[in-house]
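Fold and geometry: a report
The residues making up each chain are set out below.
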Amino acid sequence: MPFYDQANETAPRERLRTLQFHKLQRLILEISGRNRFYTRKWDDAGIVALDIQSFSDFQKLPFTYKSELMCAQEEAPPFGTNATFAVDAYTRVHQTSGTTGTPLRVVDTPESWEWWGDCWGHVMKAAAVTAADRVFLAFSFGPFIGFWATVEGARKIGAMVIPGGGWDSIQRLHMMRDLGATVVCCTPTYALRLAEVAREEHFDLRAMQVRTLIHAGEPGANVARTKSRIEKEWNAKCFDHAGASEVGAHSFECEVQPGGIHLIESEFIAEVVEPQTGREVPTGEIGELVITNLGRAGFPVIRYRTGDLVRLNPAPCACGRTFARFDGGLLGRSDDKVTIRGVNVYPMAIENIIRQFGSVDEFQVTVTRRREMQHLEVQIEVVSGNDADRIRADVEQAIYRALALRPTVKVAKPGALSHFEMKARRFRRLDGASENQPG
Ligand SMILES: [Zn+2]
């Protein structure tokens, strides 16, 4: 079984806890009095950070919210008060991919950028990537951190990187084939988009050497039907991974694929809380992931409310790792759930239903309000050559059977719906509640 850091990945959980606490104390010591954002935050809460001597002390620290990081940025532009060190110490800047509003900038020092690379080393090793691999990055290499850190991870493993920025989909496919790519990193949506382009252009995907896809940016790789569809189209195994610009690459899927992702517990502390109250949920229950990164003193997040819903499973995995898992990957966003006529609806549940239809290429879900009642409207793009009317009726039936809700399903013209490279946004709310904008 390939490990990146076997000693820690298989350590007894008490030893992992000790290691985490050790790193936490070192981090707190390093940033106290120096990081303006946390120094003030903890002062305001009346907490002397250096008094933190146990995990229960740690849990007295206030949560950190993305909105606070945004304020910290506005207060001292361009990098904000959460930048611990003088600007000269930093060698990288990235910003979140949000398409609306001001992006959040994050900065890294050479040390924290190495740390990002180590985290990606975990992701890649767990997917059995080796020095013999050629890793194609279907990514635009803009200011979004995305797969930039993957380059560092590949370097640590000794694999070859094939950067695919500035290319369109068919050019990327040709490059993958011509250079013998064996691993492709992209979002699950884009893997499906590439398959769609291959079909249109009569390009044989399955004749390529690609055996592994590593996904990020959206939860699709853990949506069972999306995953199996990608694996079938590509004749390759696909691996999920989760991370965020302000947190780091925190979770990965191992080769055993137990239906979830491992948290890199040697580099992160996870807590799972009830979104409304912030109280820790009992182990195994769904709650919001609160994360602390331990290797980014130059731009730390401590008890950070990610908004991602997870179910933590600390049982050892068949792969030999003792790192806890998030069963089912990221299960959605805490602010994503809509209740329609008494039924709780999560975007991922709808995705799982629609992805069983191989003839649906892209879809968009909109929650609207009709006569004071919320209503589910789904638009689908159907692969040409199929009976669109029949598929429309079948999708409607499938949603009705699974959710006991009668949606309106409409067929969109080919190409009418957005096709995404990063961060698909297929779920819209026009019912008066605010639209969720992750990342
Ligand atoms: Zn495992």
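Above this text you will find the structure in question.
Keep in mind that this is a model prediction, so the values were computed, not measured. (Residues numbered from 1 in each chain as written. Predicted model: local features only at pLDDT ≥ 70, side-chain atom pairs only at ≥ 80, totals over all residues. Heavy atoms only, no water.)

**Here's the deal with the overall build of the protein chain**
In terms of regular secondary structure, the protein chain is built from 12 helices and 21 strands. For 439 residues, the compact-globule estimate of 2.2 N^0.38 gives 22 Å, and the C-alpha radius of gyration of the protein chain, at 22 Å, lies within 12% of that figure. Judged by the C-alpha coordinates and their principal axes, the protein chain covers about 65 × 55 × 45 Å. Out of the 439 residues belonging to the protein chain, those deemed buried represent 56%. Excluding contacts between residues fewer than 6 apart, the proportion of contacts in the protein chain whose partners are at least 24 apart in sequence is 68%. Carbon and sulfur atoms provide 50% of the accessible area of the protein chain, an area that totals close to 18,100 Å². Each charge class in the protein chain was averaged separately, 53 positive and 55 negative side chains, and the resulting centres sit 3 Å apart. (Helix = DSSP H or I, 4+ residues; strand = E, 2+ residues; numbered from the N terminus. Rg over C-alpha atoms; globule rule 2.2 N^0.38 Å. Buried < 20%, exposed > 50% of the residue type's maximum accessible area, 1.4 Å probe, protein only. Contact = heavy atoms within 4.5 Å. Areas by Shrake-Rupley, 256 points an atom, 1.4 Å probe, with all protein chains shown as cover. Lys, Arg positive; Asp, Glu negative; His and termini not counted. Charge placed at Lys NZ, Arg CZ, Asp CG, Glu CD.)

**A closer look at the packing of helix α8 (residues 169-178) against helix α9 (residues 188-200)**
Taken N-terminus to C-terminus, the directions of α8 and α9 make an angle of 90°; their axes are 10 Å apart at the nearest point. The angle between α8 and α9 places the two elements in the roughly perpendicular class. Contacts between α8 and α9 involve S169, I170, R172, L173 and M176 on the former and, on the latter, Y190, L194, V197 and A198. Looking at the contact of α8 with α9 residue by residue, the classes come out as seven nonpolar, one polar and one charged. (Axes fitted to C-alpha atoms, helices over the stretch in contact; angles between N-to-C directions. Parallel < 35°, antiparallel > 145°, perpendicular 65-115°, else oblique. Nonpolar A, V, L, I, M, F, W, Y, C, P; charged D, E, K, R; others polar.)

**Things to note about the pattern of salt bridges**
Close approach of charged atoms allows side chains of opposite charge to pair. Inspection of the entire model under this criterion finds 26 salt bridges. Across the pair R177 and D178 runs a salt bridge whose closest N-O atoms are separated by 3.7 Å. Residue R177 is classed as partly exposed on the basis of its relative accessible area of 41%. Judged by relative accessible area, which is 57%, D178 ranks as exposed. One network of salt bridges, with partners in common, ties together E114, D118, E152, R155 and K156. (Salt bridge = Lys/Arg side-chain N within 4 Å of Asp/Glu carboxyl O.)

**Looking at helix α11 (residues 347-354)**
Where burial is concerned, most of α11 is hidden: six out of the eight residues are buried. Along α11, the residues classified as buried are P347, M348, I350, E351, I353 and I354.

**Some remarks on the sheet that holds strand β19 (residues 373-382)**
Reading across from one edge, β20-β19-β18-β21 is the order of the four strands in this open sheet, with mixed pairing throughout. One side of each edge strand has no neighbouring strand; the edge strands of this open sheet are β20 (408-412) and β21 (427-429). Geometrically, the sheet is characterised by an average inter-axis angle of 20° between neighbouring strands, direction not taken into account. Sheet topology places strand β18 (residues 360-370) next to β19; 10 bridges connect them, and they run antiparallel. When the bridges of β19 are listed, V360 appears paired with V382. (Pairing = 2+ DSSP bridges.)

**Re unusual backbone geometry**
Looking along the chain, the bond that leaves P77 and enters P78 is cis, with omega of 0°. If you trace the backbone, P78 turns up in the loop between α5 (66-75) and β1 (92-95). Unlike most non-glycine residues, H202 shows phi in positive territory, near 55°. By the secondary structure assignment, H202 is in the loop between α9 and β6 (212-215). By relative accessible area, H202 is classed as exposed at 74%. With a phi close to 50°, Q257 is a non-glycine residue in the positive phi region. Along the polypeptide, Q257 turns up in the loop between β9 (248-252) and β10 (260-263).

**As for a nonpolar patch on the surface**
Together, L29, V48 and L50 line one region of the surface with nonpolar side chains, adding up to about 300 Å² of accessible area. Locating V48 in the fold gives a position in the loop between α3 (36-44) and α4 (55-58). (Patch = residues over 30% accessible without salt bridge, like charges linked within 9 Å, V, L, I, M, F, W, Y side chains within 5 Å.)

**So, the nonpolar core**
Membership of the largest hydrophobic core comes to 69 residues, with the highest contact counts inside it found for W120 and I214. Top element by residues in this core is helix α6 (residues 110-126). It accounts for eight residues. Setting aside chain neighbours within four positions, we find W120 in contact with F147, A149, T150, G153, I214, H241 and A249. Core analysis: the second largest hydrophobic core is formed by 25 residues, V197, F203, M208 and A236 among them. (Core = buried A, V, L, I, M, F, W, Y, C linked by side-chain atoms within 4.5 Å.)

**Thoughts on the side chain of E377**
Among the structural elements, E377 can be located in strand β19. For E377, a relative accessible area of 18% gives the class buried. Apart from the residues within four sequence positions on either side, E377 is in contact with Q364, V365, T366, T368, T408 and K410.

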